[in-house]
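# Understanding the architecture of this molecule
Read off the chains here:
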Amino acid sequence: MASSIPRYVHPGAWWLWALCLAAAASRTTNPIILLLILAVTGLVVSARKPDAPWARSFTVFLKLGVLVIVIRVAFQVALGTAIGTHTLLSLPVVPLPTWLAGIRLGGDITLESIILAACDGLRLAVLIACVGAANSLASANRLLKALPPALYEVGVAVVVAMTFAPQLVTDLNRVKQARRLRGRPSTGFRGVTGSALPVFEGALDRAVALAAAMDARGYGRSAELPRRVRVTTMILVIGGMIALCIGLYGLLSAGTPTRVSVPIFAVGLIAALVGMWLGGRRSIRTRYRPDPWRAPEWIVTASGIAALAGVTIAAIQNPAALDMTVSPLTWPQLPPAALLGVLIAAAPAFLTPPLPAPAKVRRDPGARAGLPSQGLVTSA
Amino acid sequence: MQGFVPVGSTVTASRSQMGQPMRMFKVLTAALAIILTTPAVALAAPSGSASPSASPSQVYVYWAEWEAQAGSTTWVSAQVGAGSVTPADGSSMGWSYGTGTVNDGSSLPSPKADFNLTCGQTPAESGKKRVAVIVNFGPINLAPQGATPPQPLSACATVAPSANGIQVLQSITEVRTTAQGMVCGIDGYPPSGCGTTLEQLASDNNATAQPTATDNEISLWVTVIGGIAIIGLIIAAIVIAKRRRQDG
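Residues numbered from 1 in each chain as written. Chains lettered and ligands numbered in written order. Predicted model: local features only at pLDDT ≥ 70, side-chain atom pairs only at ≥ 80, totals over all residues. Heavy atoms only, no water.

This part is about the packing of aromatic side chains. All names here are of chain B. Across all of its chains, the model carries 6 aromatic pairs over all chains by this definition. Judged by centre distance (5.5 Å) and plane angle (80 degrees), the rings of Y97 and Y189 are edge-to-face. Of this pair, Y97 sits in strand β3 (residues 92-98) while Y189 sits in the loop between β7 (183-186) and β8 (196-197), and the two are 92 residues apart along the sequence. With respect to burial, Y97 and Y189 carry one shared label: buried. Each member of the aromatic cluster is reached from another via a ring pair, and the members are W63, Y97, F137 and Y189. (Phe/Tyr/Trp six-rings, centres within 6.5 Å; stacked < 30°, edge-to-face > 60°. Helix = DSSP H or I, 4+ residues; strand = E, 2+ residues; numbered from the N terminus. Buried < 20%, exposed > 50% of the residue type's maximum accessible area, 1.4 Å probe, protein only.)

Put into structure tokens, the structure is as follows:
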């Protein structure tokens with residue numbers, strides 16, 4: 001079967017899948033649907049996450065989500081109004097002037113208001129987790145390789161920045177150690193301002209050297225296009241992107257009527273695509289072994305669409321079930337359309353090709369234990 | 001025979017070069033499919049819960065809050081949200097669903113705020129306060145499609161002295177609020193959403209042969225299956241991660 005040959009899935013497919021799940025999560029505050037989406041992303045990440053250091057960022061995003069929930073509940077407890085009858089704690093009320101009405105310091109803390117705030121925070125946490133899942137599953141380098149030719153130079157700049165970002169941290173540690181040896185402050189305000197300048201100098205030197213080396217190797221050459229075409233390209237791409245943002249916001253937010261947002265989105269999309277095709281004629285590079293887009297990518301995208309469609313259909317049939325009701329306090333209901341749609345979104349964990357075997361490092365037979373190996377890295 | 005060529009061969013490389021615009025086309029087709037799915041599904045249904053964008057000529061239909069001090073019988077429009085107000089013993093609180101204009105007499109909860117009429121039969125309890133609550137569900141022409149406004153509600157709430165306006169209302173009937181304390185629905189009316197406009201109501205009522213926004217009965221089994229699915233997915237994720245860490 002073609003899909004059993006180990007290879008990486010196209011990063012664009014992972015991002016489309018994750019954005020569909022994020023859009024589905026943004027439509028509801030029902031904690032069961034949100035937890036289901038979170039569990040599905042966790043399963044797909046654990047099954048298809050590459051064995052690279054950058055792919056371990058999913059737990060960081062999960063922790064960020066927990067922090068978001070905690071902050072949201074803390075704000076509700078400290079400043080929110082009391083809703084509901086199950087009072088957990090009664091704090092003394094701090095009297096505020098009348099022009100600050102709507103903000104309460106102290107007062108009753110009720111179970112219902114905490115639950116409402118936690119569900120609000122959970123929605124944002126699941127959004128963050130979806131973006132984190134895409135970050136873990138899709139290598140940023142491969143995503144940059146898949147960029148259209150018009151964005152090639154931006155892509156190169158981003159790749160260079162990402163490659164050299166860890167260098168900044170190493171430089172900073174080295175400079176701080178040197179200052180400590182010389183008896184100068186290395187922490188605190190004076191330490192930071194004193195260490196910053198050498199680090200920036202080093203980064204600038206390295207950037208200039210890299211630019212000279214890339215120029216010598218032929219990067220940055222572009223075809224000659226008339227000025228008129230270049231200006232048209234820029235206007236089309238920037239204007240199209242702005243219209244895309246506006247239309248996308250209208251589509252994702254449940255409040256704007258669709259007959260306004262869909263035309264804006266369509267116009268923006270067409271303008272951006274035409275601009276990118278025009279600008280792509282400048283770039284004369286070729287691509288080496290680009291990621292294919294075949295059946296597994298369609299499966300991944302279709303499963304994302306299924307989740308979004310399931311939640312949308314549930315919003316039409318049972319709009320009340322998509323909100324968490326706290327008065328009276330009842331268990332949240334799960335619409336069957338949403339359950340089916342989100343469960344289909346777990347298909348990429350099983351229906352995509354397995355990952356390639358991780359890079360094996362061949363160690364020198366004479367290397368002592370504890371020293372870094374000097375063998376050849378045969379990377380996949 | 002694309003599927004049978006291993007990825008590492010040079011044949012694949014040159015074939016992929018020729019297929020490059022085809023691949024971009026496929027990516028964009030997938031993105032377009034997603035973008036058009038959501039509005040296509042959403043356009044097929046009434047969006048009664050849409051909150052309107054700002055326009056000075058729009059008339060909002062929402063739950064307006066009124067209060068009457070103890071001893072007074074005139075309704076006064078509430079200046080702050082019910083969640084921020086602590087009604088005193090013997091006062092009245094009212095909610096009316098409508099366009100909220102003070103000049104229109106039909107938008108008051110009741111013609112007069114009579115505490116003795118509402119709370120005359122309820123004895124006073126020590127350590128609690130009595131607040132009269134009157135709810136007017138508005139005229140039939142402002143009802144969302146498929147819903148009828150219930151009969152006006154008037155009851156006497158006996159609550160703790162520190163209860164705010166929303167807790168007074170919640171002690172009598174079912175209330176749907178936002179996290180900030182804005183009242184969206186009382187006693188299940190309107191069935192969904194939080195405030196709307198006259199234009200939105202008109203466009204919803206003009207939509208013909210559409211499914212109404214009433215709740216279909218959701219079986220408890222679906223929720224139970226959902227809970228089991230969540231736990232199963234988490235366990236599967238942990239097992240897969242452990243097995244991969246052992247292999248790698």
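Our next topic: the packing of helix α1 (residues 11-26) of chain A against helix α4 (residues 111-137) of chain A. Residues and elements named next belong to chain A. The contact between α1 and α4 brings their axes to 9 Å, and the two run at 175 degrees. By the angle class used here, α1 and α4 are roughly antiparallel. For the pair α1 and α4, contact is made by W14, W15, W17, A18, L21, A22, A25 and S26 and by R123, V126, L127, C130, V131, A133, A134, N135 and L137, respectively. Here the residues of the contact of α1 with α4 sort into 14 nonpolar, 2 polar and 1 charged. (Axes fitted to C-alpha atoms, helices over the stretch in contact; angles between N-to-C directions. Parallel < 35°, antiparallel > 145°, perpendicular 65-115°, else oblique. Contact = heavy atoms within 4.5 Å. Nonpolar A, V, L, I, M, F, W, Y, C, P; charged D, E, K, R; others polar.)

Attention now moves to the state of the cysteines. Residue and element names in this part refer to chain B. One pass over the structure, following the stated rule, counts 2 disulfides over all chains. Here C119 connects covalently by a disulfide to C156, the sulfurs 2.0 Å from one another. As the torsion about the S-S bond is roughly 105 degrees, the C119-C156 disulfide counts as right-handed. In this pair, C119 sits in helix α3 (residues 115-119) while C156 sits in strand β5 (residues 153-159), placing the two residues 37 residues apart along the sequence. The pair C119 / C156 is uniform in exposure class, with both members buried. Disulfide pairing is shown between C184 and C194; the S-S distance is 2.0 Å. Judged by the sign of its S-S torsion, about -75 degrees, the cystine formed by C184 and C194 is left-handed. (Disulfide = S-S within 2.5 Å.)

At the interface, 63 residues of chain B touch 77 residues of chain A. When chain B packs against chain A, close to 5,800 Å² is buried across both sides, 66% of that on carbon and sulfur atoms. Among the residues chain B hides against chain A, the three largest losses belong to I218(B), L233(B) and R244(B). Together they make up 11% of the total. The interface formed by chain B and chain A holds 1 salt bridge in total. Summed over the shared surface of chain B and chain A, the number is 6 residue pairs in polar contact (both at pLDDT 80 or more). Elements with a contribution of two residues or more to the side of chain B that touches chain A: α1 (10-18), α2 (20-43), α4 (165-170), β6 (175-177) and α6 (220-247) of chain B. In terms of residue count, the dominant contributor to the side of chain B that touches chain A is α2(B) (19 residues). When the residues that make up the side of chain B that touches chain A are grouped by side-chain class, the tally is 33 nonpolar, 25 polar and 5 charged. (Buried area = accessible area lost by both parts, 1.4 Å probe. Salt bridge = Lys/Arg side-chain N within 4 Å of Asp/Glu carboxyl O. Polar contact = N/O pair within 3.5 Å; in protein donor to acceptor, adjacent residues only side chain to side chain.)

Moving on, we come to the nonpolar core. In terms of nonpolar packing, the biggest core is built from 58 residues, with W14(A), W17(A) and I37(A) touching the most fellow members. Elements represented by at least two residues in this core include exactly α1, α2 (31-48), α4, α10 (295-317) and α11 (336-344) of chain A together with α2 and α6 of chain B. Residues within four places of W14(A) in sequence aside, it is in contact with V9(A), V44(A), R48(A), A134(A), L137(A), A138(A), V300(A) and P348(A). If you look at the next biggest cluster of nonpolar residues, it comprises 31 residues, including W63(B), M93(B), V159(B) and V175(B). (Core = buried A, V, L, I, M, F, W, Y, C linked by side-chain atoms within 4.5 Å.)

Our focus in this paragraph is the pattern of salt bridges. Per the counting criterion, the structure on display carries 7 salt bridges over all chains. Residue R7(A) pairs with E297(A) through a salt bridge whose shortest N-O separation is 3.0 Å. Of the two residues, R7(A) is situated in the segment before α1 and E297(A) in helix α10; the sequence distance between them amounts to 290 residues. Taken individually, R7(A) and E297(A) each receive the classification buried, so the pair is uniform in this respect. Close ionic contact of D51(A) with R244(B) constitutes a salt bridge, the shortest N to O distance being 3.4 Å. In this pair, D51(A) sits in the loop between α2 and α3 (58-79) while R244(B) sits in helix α6, so the two residues belong to two different chains. Classification of D51(A) by relative accessible area gives exposed; the value is 52%. Salt bridges sharing partners connect three or more residues here, namely R72(A), D120(A) and R123(A).

Residues and elements named next belong to chain A. On the surface, L64, L67, I71, F75, L79, V94, L96, I103 and L105 cluster together into a nonpolar patch covering about 720 Å² of accessible area. Examining the composition of the nonpolar patch, we find that 5 residues originate from one element, α3, more than from any other. On the secondary structure map, I71 appears in helix α3. On the accessibility criterion, I71 (41% relative accessible area) is partly exposed. (Patch = residues over 30% accessible without salt bridge, like charges linked within 9 Å, V, L, I, M, F, W, Y side chains within 5 Å. Areas by Shrake-Rupley, 256 points an atom, 1.4 Å probe, with all protein chains shown as cover.)

Turning our attention to the pairing of strand β4 (residues 129-136) of chain B. Residue and element names in this part refer to chain B. Counting buried positions along β4 yields 8 of 8 residues, so the element is predominantly enclosed. Here β4 shows two buried faces, one formed by K129, V131, V133 and V135 and the other by R130, A132, I134 and N136. By the bridge criterion, 5 bridges tie β3 to β4 in an arrangement that is parallel. Among the inter-strand pairings, S92 is bridged to a residue of β4, identified as A132. (Pairing = 2+ DSSP bridges.)

Geometric values such as these leave the question of function open.
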